[in-house]
Amino acid sequence: MKTRLSPIEIALKELPPEGREFNYTRETGELTEALKDLVGLNDYKVSFLLTPVGNAYNLKGTLETSLDQECSLCAIDFKFPIRQDLHEVLVVQKPLNKGDQQTKANHAHEWVASGPDYIILDSEAFAVADYIHEAIALAEPIRPLGKPGCDITCENLTEPMKKWIVQPGASPTDPIKTNPFLV
């Protein structure tokens, strides 16, 4: 059995004052099982520094991987690269009791995309696998395109369309293709 270089659940109270760096790759294998539904057999590299800051914890690092995708226009398979900077402030807060309420006003940090975001934890344990899984899932495109300029003129789209769409004025020697909507 491989020795784990970085834990998948971090006890935040045990971090030294200068923080600790955590690294995860396919070779070390800590996150492979948790990420297999998203990254498949693609390599991944996660590296971050987790530092105590008062009663919170600062997480700063990078995430690199690629996802197996299919172009939403021409249906070719391609690898969608993900390179994401991670910057979060982890705040440990007791869960709300029954009947408690919490409201949230607009905060100035939400106006700046380059600043850190925050995550409220209900315990001193930080589940790295869950966090990285969600970061990758949020980076997955809703409508993936095989190349940056992919549009209706894509050669991968026009060739299959010529096979399946009957053009007006087609010659009688062309095979008959029925259209179910011609009723």
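A. Inspection of the nonpolar core at higher detail. I10, L50 and I132 are the most contacted members of the largest nonpolar core, which totals 28 residues. For this core, the elements supplying multiple residues, two or more each, are β2 (20-25), α1 (32-39), β3 (44-53), β4 (56-70), β5 (77-92) and α2 (128-139). With six residues, α2 is the single largest residue contributor to this core. Sequence-distant contacts of I10, that is, excluding residues within four places in its chain, are made with L15, F22, Y24, F48, L50, E124, A125, F126 and V128. Ranked by size, the runner-up nonpolar core spans five residues in total, among them C71, C74, C150 and C154.

B. Structural context of the sheet that holds strand β6 (residues 117-121). Taken together, the five strands give an open sheet; going across it, the order is β2-β3-β4-β5-β6, and neighbouring strands pair in mixed fashion. The open sheet has two free edges, formed respectively by β2 and β6, since each of these has just one partner strand. With direction set aside, neighbouring strand axes in the sheet form an average angle of 30°. One ladder, built from 15 bridges, connects β4 with β5; its direction is antiparallel. Among the inter-strand pairings, A56 is bridged to a residue of β5, identified as V91.

C. A look at α2. Its twelve residues give α2 an end-to-end C-alpha distance of 17 Å, which sits within 8% of 16 Å, the value for a rise of 1.5 Å per residue. Buried residues of α2: V128, A129, Y131, I132, H133, A135 and I136, and no others.

D. Summary view of the side chain of E88. Relative to the helices and strands, E88 resides in strand β5. Residue classification places E88 among the buried positions, given a relative accessible area of 14%. Among the polar contacts made by the side chain of E88, one reaches the side chain of Y131 at a distance of 3.3 Å. Setting aside its immediate chain neighbours within four residues, E88 contacts Y57, N58, L59, D117, Y118, I119 and Y131.

What counts as what
- Residue numbers restart at each chain and count upward from 1, following the sequence in its written direction.
- Thresholds applied to this predicted model are a pLDDT of at least 70 for local features of residues and 80 or more for the giving and counting of side-chain atom pairs; totals over whole chains, interfaces and linings are not thresholded and use all residues.
- Side-chain numbers here rest on the full set of heavy atoms in the structure, without hydrogens or water.
- The definition of a nonpolar core used throughout is a set of buried Ala, Val, Leu, Ile, Met, Phe, Trp, Tyr and Cys residues joined through side-chain atoms within 4.5 Å.
- To sort residues, take the accessible area from a 1.4 Å probe on protein chains only and compare it with the maximum for the residue type: under 20% means buried, over 50% means exposed, and anything in between is partly exposed.
- Here a helix means four or more residues in a row that DSSP labels H or I, a strand means two or more in a row labelled E, and each is numbered from the N terminus.
- The contact criterion used throughout is that any non-hydrogen atoms of two residues lie within 4.5 Å.
- Paired strands are those between which DSSP finds at least two bridges.
- The angle between two axes is taken between their N-to-C directions and runs from 0 to 180 degrees, where each axis is a line fitted to C-alpha atoms and a helix contributes only its stretch in contact.
- Expected helix span is given by 1.5 Å per residue-to-residue step, counting one fewer step than there are residues.
- For this analysis, a polar contact is any N or O atom pair within 3.5 Å, provided that within protein one partner can donate a hydrogen and the other can accept it, and provided that sequence-adjacent residues contribute only side-chain to side-chain pairs.

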